[in-house]
2 protein chains.
Amino acid sequence: MKNFILTCVACASILVIAHPCKAQMDVPTQTEAFPYTVTEDTPNRPNLSRAVQRSFNDYMAYRPEDNPLFSSFKYTKLEGLDYNNGDGTLSRRDPSKVIKVGDKYYMWYTRRETKVPPIGAANAAKCDDETPSTDWDLAEIWYATSDDGFTWEEQGVAVPRREKPYAGHRSVSTPDILVWKGRYYLYYQAFTEPSGLKGDYCPVSMSSADSPDGPWVHTNGEVIATGKEGEWDQFAVHDPYPLVHNGKIYLYYKSAFNRPDKLWVANGLVTADSPEGPFVRCPQNPVLSSGHEVVTFPFREGLAAIVTNDGNEHSTIQYAEDWINFDVASVISLTPAAAAPYVVDAFTDTKNGEGISWGVCHFINAGKPGKGHSIIARFDCSLQSAVNDPYFKSPHLRFDPSVYFSNGLSKDKKNQRAQAAQTTKE
Amino acid sequence: MKNFILTCVACASILVIAHPCKAQMDVPTQTEAFPYTVTEDTPNRPNLSRAVQRSFNDYMAYRPEDNPLFSSFKYTKLEGLDYNNGDGTLSRRDPSKVIKVGDKYYMWYTRRETKVPPIGAANAAKCDDETPSTDWDLAEIWYATSDDGFTWEEQGVAVPRREKPYAGHRSVSTPDILVWKGRYYLYYQAFTEPSGLKGDYCPVSMSSADSPDGPWVHTNGEVIATGKEGEWDQFAVHDPYPLVHNGKIYLYYKSAFNRPDKLWVANGLVTADSPEGPFVRCPQNPVLSSGHEVVTFPFREGLAAIVTNDGNEHSTIQYAEDWINFDVASVISLTPAAAAPYVVDAFTDTKNGEGISWGVCHFINAGKPGKGHSIIARFDCSLQSAVNDPYFKSPHLRFDPSVYFSNGLSKDKKNQRAQAAQTTKE
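The rules behind the values
Residues numbered from 1 in each chain as written. Chains lettered and ligands numbered in written order. Predicted model: local features only at pLDDT ≥ 70, side-chain atom pairs only at ≥ 80, totals over all residues. Heavy atoms only, no water. Helix = DSSP H or I, 4+ residues; strand = E, 2+ residues; numbered from the N terminus. Rg over C-alpha atoms; globule rule 2.2 N^0.38 Å. Buried < 20%, exposed > 50% of the residue type's maximum accessible area, 1.4 Å probe, protein only. Contact = heavy atoms within 4.5 Å. Areas by Shrake-Rupley, 256 points an atom, 1.4 Å probe, with all protein chains shown as cover. Lys, Arg positive; Asp, Glu negative; His and termini not counted. Charge placed at Lys NZ, Arg CZ, Asp CG, Glu CD. Phe/Tyr/Trp six-rings, centres within 6.5 Å; stacked < 30°, edge-to-face > 60°. Lys NZ or Arg CZ within 6 Å of the ring centre and 35° of its normal. Pairing = 2+ DSSP bridges. Core = buried A, V, L, I, M, F, W, Y, C linked by side-chain atoms within 4.5 Å. Least-squares fit on C-alpha atoms with pLDDT ≥ 70 in both. Buried area = accessible area lost by both parts, 1.4 Å probe. Salt bridge = Lys/Arg side-chain N within 4 Å of Asp/Glu carboxyl O. Polar contact = N/O pair within 3.5 Å; in protein donor to acceptor, adjacent residues only side chain to side chain. Nonpolar A, V, L, I, M, F, W, Y, C, P; charged D, E, K, R; others polar. Disulfide = S-S within 2.5 Å. pLDDT = per-residue confidence, 0-100.

**Let's talk about the overall build of chain A**
A tally of regular secondary structure across chain A gives 4 helices and 21 strands. Here chain A has a C-alpha radius of gyration of 24 Å; the compact-globule value for 426 residues is 22 Å, and the two agree. With the C-alpha coordinates aligned to their principal axes, the bounding extent of chain A is approximately 80 × 65 × 45 Å. Across the 426 residues that make up chain A, the buried fraction comes to 59%. Across chain A, every contact between residues at least 6 apart in sequence was considered, and the portion connecting residues at least 24 apart equals 54%. Accessible surface, chain A: about 16800 Å² in total, of which carbon and sulfur atoms supply 51%. On chain A, the mean spot of the 42 positive side-chain charges and the mean spot of the 52 negative ones are 5 Å from each other.

Right under this line is the structure:
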């Protein structure tokens, strides 16, 4: 609605101010029909269809090729991280944003190394202290560094599991990093039971350090509690993702609600004046109706979000000038799961966000059946405010036909449809 | 805008009529925050973020799982069609809508069988009468039939190339079918020169028959000419796609314009009272700002479109109650190229379109380099007004990691980014 009004005002201004004699102008190349060549006047034509109006009003450019918030995504295996030959006993997933400190890039991530692969959330009641239910059960937070973002060296544990009864004694996972006044803060999910026992329920805890290499000091207790009974986030605050904006910490998170029949995954915002909190919930929560993980980054005067996997607006990039009310800015394909970009201005309280060109993500289906584990990979893109790299700007994505056929019908569904076809009326 | 106003009216009505005492109601489970369980009242809450407002106002359901215009797409190889062992001399592509006549499903398509594979649009000037420039040069329109939609039997040629100097003497391609008052009409692109010589320029011709098995009678001349000089469709009317609506023929088509720098591909509409025309251009053209091929089908009281490949709104399904002004209804992934659904009510002038559950499409990258050709395949989906098949309703699409890595950076781009990474400031 806001966009529409702004557009009307803008159109009216152009008509009245820039072209006071438009009606009397004789423009021989202008025809009644939509023109072959688009000019500055084209958005002011009468009779534009709603789709073409959106082209001019709702996107940063009328072509994705010129849209700074459109990109394709390219993927590269990381060098330097092994996975016990893929036997399912070693997993890395849910990386943090990448930050650069001195000459080194840093990322933190969920690392599980267990004697056996996960036995499944449905079997959580059978888990002992050495048997993981899910891929993120019995995990710790480790970190790795890199000179170039392609080759990474694992440095060791950052946040181990805590002693009982503290939150995080069962597992700590899904970290993200904040840098605030020269100190480093890791926010992460802190489990007190095997994931799957009642759900995937946990609050957010935090550890801090003077150096990205630690040592990390636990903050006692939950830093962000789950919501009150009856609230959308009453059971889970997942995927904490902190940024700095307007002198405050803006922390986005995910929660799943509306169970059992109509599961809805959405993302909310809490803000705080200091890393220890208190974190205040945004009254407009949830702020993103879609997206399985929160991936946001400052962009120009506002905030952009990569929205993946869940919801009507999965596979979109969205933009919110006020960091709260998002509009769809583009549609994307082959999206990175659990994307964690290198956000150069995540903590600078920028008013002119640069955007992102690469990051890390994970693939949770790296292992063979029964040997499930995840791997961390790199993605590259061009979602930059000052650079438009045509290498990443084609919306055409064409896989080998075998990729489509591997995404085929089950035998049962195929038989069902073949039979139905033969009884369909003309 | 219309949606917004309708929504406001609807919301106001609910507030005033259905819940006259809402402000005084004491609902113990309602909290200040967004609720865990969504109810009929939830869309009326204050403080909804713009994304959540869209969930309730802009989609047919707030979850894609319940959205009749959301679907995943599954792919199956067709049985019964061979391709000269993939040597590039035989190609099938750009199928028509599928129709059922009696017990048989019919499809028409572009078929090229040439002594050599295409030598490329850039080499069009070197082409003789036996050497194709593009995959759709020197083509004819053939057809195949099927009992179940999975196994097809090629029946032979429907529309051969014409004699000189008639449009279509060089190639006829990209057919679609209309059934009108018991007679069958094929619309297709009619080339008089090798595609690529000046562009991919052609008008639309038409042939008709009393039976889907022919014989097909040429209509002399162009049935839909290209636009006037300076108009968006001055060079091409591609991918004709006829339906019947409001007692008229509604024919959607594609054109590319805004060359050379800012190529834009969009889709328009022409209507006619009879298959021979005259076809009148819709004043709101282009009606779809995105999509490389036109794929539309009656849905409930309006028209739905599958939008692929090109434009800001590639990879969406859209809906237009008036068959002209489309809104985005869902975001889709792994979209079918040149999709041609089985549209049971394409020509019944329905006021309650059933939607689609399968169709055919093509893959243009089926051949090895130097042996380029296309294949026709089947897609399945659930875009049905009265059926919600959960098999097709998950927005999660997860490929094997190898698919992502095969979509990786070029060596040059990787080196460029690795070097840039090492000079990036902290």
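**Some words on the packing of aromatic side chains**
Any two aromatic rings considered together are summarised by their centre-to-centre distance and by the angle between their planes. Overall, the coordinates contain 57 aromatic pairs over all chains when judged by the stated rule. Relative to B:Y342, the ring of B:Y105 has its centre 5.2 Å away and its plane inclined at 85°; by these criteria the two rings are edge-to-face. Of this pair, B:Y105 sits in strand β4 (residues 104-113) while B:Y342 sits in the loop between β19 (340-341) and β20 (353-363), and the two are 237 residues apart along the sequence. Of the two residues, B:Y105 and B:Y342, both sit in the buried class. Between the aromatic rings of B:W108 and B:Y143, the centroid separation amounts to 6.1 Å while the plane-to-plane angle is 15°, which identifies the pairing as stacked. Here B:Y143 lies in strand β5 (residues 140-146) and B:W108 lies in strand β4, a separation of 35 residues in the sequence. A single burial state applies to B:W108 and to B:Y143, both of which are buried. In textbook terms, an aromatic cluster arises when at least three aromatic residues are bridged by ring pairs, as seen for A:Y75, A:F363, A:F399, A:Y404, A:F405, B:Y75, B:F363, B:F399, B:Y404 and B:F405. Its guanidinium or amino end placed over the ring of B:W142, B:R111 lies 3.8 Å from that ring's centre, counting from NZ or CZ.

**Things to note about the sheet that holds strand β13 (residues 264-272) of chain A**
Whether parallel or antiparallel, the strands of a sheet pair through hydrogen bonds between backbone atoms. Residue and element names in this part refer to chain A. In space, the 4 strands of this open sheet follow the order β11-β12-β13-β14, with antiparallel pairing throughout. Because the sheet does not close on itself, it has two edges, and the strands there are β11 (238-245) and β14 (280-281). In this sheet, strand β12 (residues 248-257) lies alongside β11 in antiparallel orientation, the contact comprising 6 bridges. Each bridged residue has a counterpart across the sheet, and for H238 the counterpart in β12 is K254.

**Let's talk about the nonpolar core**
Core analysis: the biggest nonpolar cluster contains 206 residues, and A:M107, A:W108, A:W152, B:M107 and B:W108 have the highest contact counts within it. Leave out the neighbours within four places in its chain, and B:M107 touches B:L78, B:L81, B:P95, B:S96, B:K97, B:V98, B:W142, B:Y143, B:A144, B:W152, B:V360 and B:I376.

**Considering the relation of the copies chain B and chain A**
Least-squares fitting of chain B to chain A yields an RMSD of 0.0 Å, with the transformation described by 0.0 Å of translation along the axis and a rotation of 180°. Here the transformation between the copies is reduced to the relation of a two-fold axis. In terms of C-alpha distance to the rotation axis, chain B has B:S333 as its closest residue, with the C-alpha 3.3 Å off the axis. Looking at chain B, 99% of its interface residues are interface residues in chain A too, so the copies touch through the same face.

**Structural notes on the interface of chain B and chain A**
Across the contact, 121 residues belong to chain B and 120 residues belong to chain A. Of the roughly 10700 Å² buried where chain B meets chain A, counting both sides, 54% is carbon and sulfur surface. A per-residue breakdown of the area chain B buries against chain A is headed by B:Y36, B:N312 and B:R417, which together make up 9% of the total. Where chain B meets chain A, there are 12 salt bridges. One salt bridge in this structure joins B:K413 and A:D389, with 2.6 Å as the shortest N-O distance. Taken together, the links from chain B to chain A amount to 60 residue pairs in polar contact (both at pLDDT 80 or more). Its residues placed into classes, the side of chain B that touches chain A shows 58 nonpolar, 34 polar and 29 charged.

**Looking at the pattern of salt bridges**
In the structure shown here, the tally under the stated rule is 52 salt bridges over all chains. Here A:K228 ties to A:E231 by a salt bridge, and the two come within 3.8 Å at their closest N and O atoms. In this structure, A:D239 and A:K254 form a salt bridge, with 3.4 Å as the shortest nitrogen-oxygen distance. Of this pair, A:D239 sits in strand β11 while A:K254 is found in strand β12, placing the two residues 15 residues apart along the sequence. Here A:D239 and A:K254 have matching classes, each one buried. One salt-bridge network, in which partners are shared between bridges, spans A:R50, A:R54, B:E313 and B:D327.

**What about the side chain of A:N267?**
As for its position among the elements, A:N267 is in strand β13. Apart from residues lying up to four places away in sequence, A:N267 is in contact with A:W232, A:Y253, A:K254, A:P286, A:V287, A:L288, A:S290, A:G291, A:E293 and A:V294.

**Let's talk about the sheet that holds strand β10 (residues 217-218) of chain A**
Within the open sheet, the 4 strands sit side by side as β7-β8-β9-β10 (chain A). Their pairing is antiparallel. The open sheet terminates on both sides in strands that have one partner only, identified here as β7 (171-180) and β10 of chain A.

**So, the state of the cysteines**
A complete count under the given rule lists 0 disulfides over all chains for this structure. Free of any disulfide, B:C202 has its nearest neighbouring cysteine sulfur in B:C127, separated by 16 Å.

**Here's the deal with unusual backbone geometry**
Cis peptide bonds are those with omega within 30 degrees of zero, and the linkage from A:K164 to A:P165 qualifies with 5°. Looking at where A:P165 falls in the secondary structure, it is placed in the loop between β6 (152-159) and β7. Residues B:G277 and B:P278 are joined by a peptide bond in cis, for which omega reads 5°. With respect to the helices and strands, B:P278 occurs in the loop between β13 (264-272) and β14 (280-281). A positive phi angle is found at B:D94, which is not glycine, with a value near 50°. Structurally, B:D94 is set in the loop between β2 (90-93) and β3 (99-101). The exposure class assigned to B:D94 is buried, which follows from its relative accessible area of 8%. Positive phi outside glycine occurs at B:L334, with the angle close to 45°.

**A closer look at helix α2 (residues 50-57) of chain A**
What α2(A) keeps buried is the set A:A51, A:V52, A:R54, A:S55 and A:F56. Elements that come into contact with the buried residues of α2(A) comprise β13, β17 (316-320) and β18 (327-331) of chain B.

**Things to note about the confidence of the model for chain A**
All names here are of chain A. Looking at chain A as a whole, the pLDDT averages 91, with 93% of positions reaching at least 70. Contacts of residues 1-30 to residues separated by more than four positions or lying in other chains number 18 contacts, the stretch itself having pLDDT below 50. Both scores are available for the predicted complex, with the pTM at 0.91 and the ipTM at 0.91.

**Some words on the environment of B:I324**
By secondary structure assignment, the location of B:I324 is in the loop between β17 and β18. Expressed as a C-alpha distance, the spacing of B:I324 and B:L243, which sit 81 residues apart in the sequence, is 13 Å. Discounting residues that sit within four places of it in the chain, B:I324 has contacts with A:S49, B:L269, B:C282, B:Q284 and B:V287.

**Some thoughts on the pairing of strand β8 (residues 183-191) of chain B**
Residues and elements named next belong to chain B. For β8, the tally of buried residues reaches 8 of 9 residues, placing the bulk of the element in the interior. Sheet analysis places strand β7 (residues 171-180) next to β8, joined by 8 bridges and oriented antiparallel. Residue pairing across strands places V179 opposite Y184, the latter belonging to β8. Note that β8 and strand β9 (residues 204-209) share 6 bridges and pair antiparallel. Paired with Y188 across the two strands is S205, which belongs to β9.

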